[in-house]
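Close look at the chain arrangement
Here are the chains, one letter per residue:
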Amino acid sequence: MTNDEENAGTVKKQLSKLFEQSLRITVPSESDVEPLIAACAPKFGDYQCNNAMGLWSRIKNKKDNGFKGPPSIGKVIMENLPPTEMIEKCTLAGPGFVNIKLSTSWIAKNIQKMLIIGIETWAPRLPIKRAVVDFSSPNIAKEMHVGHLRSTIIGDTLARMLEFSNVDVLRRNHVGDWGTQFGMLIEFLFEKFPNWEDASGQAIGDLQEFYKASKKRFDEDPAFKGRAQQAVVRLQGGETSYRRAWAQICEISRNEFNNVYQRLGVQLEEKGESFYNPYIPGVIEQLSNQGLVEESQGARVIHIEGVNIPLIVVKSDGGYNYASTDMAAIWYRLNEEKAEWIIYVTDVGQQQHFEMVFSAAKLAGWLPANDNMYPKASHVGFGLVLGEDGKRFRTRNTEVVRLVDLLDEAKNRSKSVLIERGKAAEWTEQELEHTAEAVGYGAVKYADLKNNRLTNYTFNFDQMLNDKGNTAVYLLYAHARICSIIRKSGKDIDELKKTGVLALDHDDERGLGLHLLQFSEVVEEACTNLLPNVLCEYLYNLSENFTKFYSNCQVVGSAEETSRLLLCEATAVVMRKCFHLLGITPVYKI
């Protein structure tokens, strides 16, 4: 049986289908009404249908509507529900709210089914098949910094959630590998090392220092500046030696980026500015033929309604810019890669630029005018990473912090704590390294992802590596403790999945079970709204729910041991999937 056949959709969607049937019978004249289903506070029930008030405002002035107000509508909605094993009971509250209590045995049965068939059956169903996620996107010859950290881990998490939802995701690294800085770098290379090809990458050495030295020369020497500008023309004209020098500079940079991606466990396919460059003339010609491109002060621009600056697609000197490349990229992604959703993960400062690009794509007819229709493009903005002083995070010499150094420090601090706790004597060196990396890198990722991405956040090693509170360390240790409970029972958990029966008789068992079952709709919400912090909040609450259950329900040695071990395993399975979606490696012992 396929996952699709087993996957009946999220709890919320299954309830929506039931209430949709009721609404069609209750108010047949209002066939466009969508069920309004939401999770609610435990004192009322598990979910709530909130259609009655809205329906009353629509039908109260119609003759013979048959209702006296919202409560009477709510009562009939409740009565017209089709029979189902999913719902234990419904009650009416206030102005027509229908409170829904799910069947406890139905919750248990669904969790047990997931344990046997796999958590993939809980993957949300999204209305798209292919997406492009454009993230990370550092500039060649420049160091990756904390701004790139945010784009890289937010983009990776969005890609992972979409992939889990069975979307074909094209992970794109739109690196800055084309432009005026390359003339400066290549000319400096030729001047300093006439036999640069024989010296290979050693001629350039530290690319950051090489960049600074060439920039200083560019700013101070007008003759050099002129040669550098000419070098850009020769590079873009395809001269062999210039292309080879450019390729070597890109390769050195790429290797440095890969040091970061390797630590973070992030996969990306590079399609940089140079890739889209050949498409720009044809795209601009197409836009011009549609009458969208106008001359303005020597430049060629597209005017966007409601924006007081135009989108410049060809500069006054005839050169191309970010907008030219981004228009070519969005055209390529829609027409060649057949993407239904294109997601750009950059800082909030670029929001207006991307909104203008999307507006131009709508004017061209590449995207529908309605943002709720596909294909569509979305900008995922994020705030700054701040230091303890509340200013942009930098080192003491005012330079932006190297990302590799930051990640290595997180790992080393994590390793020191493990050694202090005597783990060096208990574990192999490989286990120590693996756990230090999982905890250190995981702590950095989670500290970022748990915040609403639009807000700034303060980077603080002590806070993110704390084993108490809403941190990756606390959550990883919570997962390891669950694994330890199962191990100490001495039972074969895979055998129990086949022979045991899960029951949720205690209130805290049921509360944990309901939370587990809501995993799918949380992932769907995080995907739809492009907000990883929604998943982080779910994961933290899951851990809290487990703690409450474990505090009040004895597992090993109790009469309910088999059932409770299955509930422990279900919690661990869902936690591991959350970690995977957040790009965090789980640990199994502490």
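Small disclaimer: the values here were computed from a predicted structure and weren't measured.

1. As for the nonpolar core
- Core analysis: the largest hydrophobic core is formed by 160 residues, its most contacted members being L15, L102, L162, F519 and V574.
- At 12 residues, the largest contribution of residues to this core is made by helix α25 (residues 561–581).
- Among residues more than four places away in sequence, those in contact with L162 are L126, A131, V133, V167, V169, W341, I343 and C527.
- Core analysis: the next-biggest nonpolar cluster, separate from the first, contains 35 residues, A323, Y332, F358 and L367 among them.

2. A word on the pattern of salt bridges
- Counting across every chain of the model gives 50 salt bridges.
- Notably, a salt bridge pairs E269 with R172, separated by 2.9 Å at the nearest N-O pair. Highlighted residues: E269 in strand β7 (residues 269–270) and R172 in strand β6 (residues 168–173), separated in sequence by 97 residues.
- The exposure class assigned to E269 is partly exposed, which follows from its relative accessible area of 40%.
- Across the pair E560 and R564 runs a salt bridge whose closest N-O atoms are separated by 3.4 Å.
- Taking the relative accessible area as the measure of exposure, E560 reaches 36% and is therefore partly exposed.

3. Overview of the packing of aromatic side chains
- Summed over the entire model, instances satisfying the criterion amount to 21 aromatic pairs.
- For the ring pair F275 and Y332, a centre distance of 5.1 Å and an interplane angle of 85° mean the geometry is edge-to-face. Placement of F275 in helix α12 (residues 273–276) and of Y332 in helix α14 (residues 322–335) is noted, with a sequence separation of 57 residues between them.
- The partly exposed category is assigned to F275, whose relative accessible area is 28%.
- An aromatic cluster of at least three residues, connected via ring pairs, comprises F275, Y276, Y279, W331 and Y332.
- When the ring centre of W246 is taken as reference, the NZ or CZ atom of R243 above it lies at 5.7 Å.
- Above the face of the F275 ring, K271 is positioned so that its terminal group lies 4.9 Å from the ring centre.

4. Here we look at the confidence of the model for the protein
- With 96% of its residues at a pLDDT of at least 70, the protein reaches an overall mean of 92.
- Note on residues 1–5: pLDDT under 50 across the span, and four contacts to partners over four residues away in sequence or across chains.

5. Observations regarding the UniProt feature "domain: DALR anticodon binding" (unreviewed entry) in the protein
- The residues that UniProt annotates with the feature "domain: DALR anticodon binding" (unreviewed entry) are residues 475–590.
- Across residues 475–590 one finds 73% helix and 0% strand; the C-alpha atoms that close the span lie 12 Å apart.

6. Re the side chain of R160
- Looking at where R160 falls in the secondary structure, it is placed in helix α6 (residues 146–164).
- Separated by 2.8 Å, the side chains of R160 and D156 make a polar contact.

7. Examining the sheet that holds strand β8 (residues 294–296)
- A sheet is described by the order of its strands in space; here three strands give the open sequence β8-β9-β10, paired in antiparallel fashion. Edge positions in the sheet fall to β8 and β10 (311–314), since each has one partner strand and no second. Within this sheet the neighbouring strands show an average axis-to-axis angle of 50°, counted without direction.
- The pairing of strand β9 (residues 299–302) with β10 spans three bridges and is classified as antiparallel. Bridge pairing in β10 links R300 to V314.

8. A few points about the pairing of strand β3 (residues 87–93)
- Two elements, β3 and strand β4 (residues 97–102), share six bridges in a ladder whose sense is antiparallel. In the sheet register, A93 faces β4, and the bridge partner there is F97.
- In sequence, β3 turns back onto β4 through a hairpin of three residues, with G94 there showing a positive phi of about 50°.

9. Describing the environment of I107
- Here I107 shows up in helix α5 (residues 104–117).
- Residue classification places I107 among the buried residues on the basis of a relative accessible area of 0%.
- For the pair formed by I107 and Y588, sequence separation is 481 residues and the distance between their alpha carbons is 27 Å.

10. What about the side chain of K271?
- As for its placement among the helices and strands, K271 is situated in the loop between β7 and α12.
- Its relative accessible area of 11% is what places K271 among the buried residues.
- Within the structure, the side chain of K271 is placed 3.3 Å from the side chain of E269, a separation counted as a polar contact.
- With residues up to four places along the chain from it excluded, the contact list for K271 reads R172, N173, H174, V175, Y276, Y332 and E337.

11. Topic: the packing of α14 against helix α15 (residues 351–363)
- Across the interface, α14 lies against α15 with an axial gap of 10 Å and an inter-helix angle of 50°. In terms of their interaxial angle, α14 and α15 are classed as oblique. Handedness of the crossing formed by α14 with α15: right-handed. Each of Y322, A323, D326, M327 and I330 in α14 lies in contact with α15, whose residues at this interface are H353, F354, V357, F358, A360 and A361.
- Considering only residue class, the contact of α14 with α15 consists of nine nonpolar, one polar and one charged.

The rules behind these values
- Residues numbered from 1 in each chain as written.
- Predicted model: local features only at pLDDT ≥ 70, side-chain atom pairs only at ≥ 80, totals over all residues.
- Heavy atoms only, no water.
- Core = buried A, V, L, I, M, F, W, Y, C linked by side-chain atoms within 4.5 Å.
- Buried < 20%, exposed > 50% of the residue type's maximum accessible area, 1.4 Å probe, protein only.
- Helix = DSSP H or I, 4+ residues; strand = E, 2+ residues; numbered from the N terminus.
- Contact = heavy atoms within 4.5 Å.
- Salt bridge = Lys/Arg side-chain N within 4 Å of Asp/Glu carboxyl O.
- Phe/Tyr/Trp six-rings, centres within 6.5 Å; stacked < 30°, edge-to-face > 60°.
- Lys NZ or Arg CZ within 6 Å of the ring centre and 35° of its normal.
- pLDDT = per-residue confidence, 0-100.
- UniProt positions renumbered as here; feature names shortened; annotations may be inferred.
- Polar contact = N/O pair within 3.5 Å; in protein donor to acceptor, adjacent residues only side chain to side chain.
- Pairing = 2+ DSSP bridges.
- Axes fitted to C-alpha atoms, helices over the stretch in contact; angles between N-to-C directions.
- Parallel < 35°, antiparallel > 145°, perpendicular 65-115°, else oblique.
- Left-handed = near helix turned anticlockwise from the far one by under 90°.
- Nonpolar A, V, L, I, M, F, W, Y, C, P; charged D, E, K, R; others polar.

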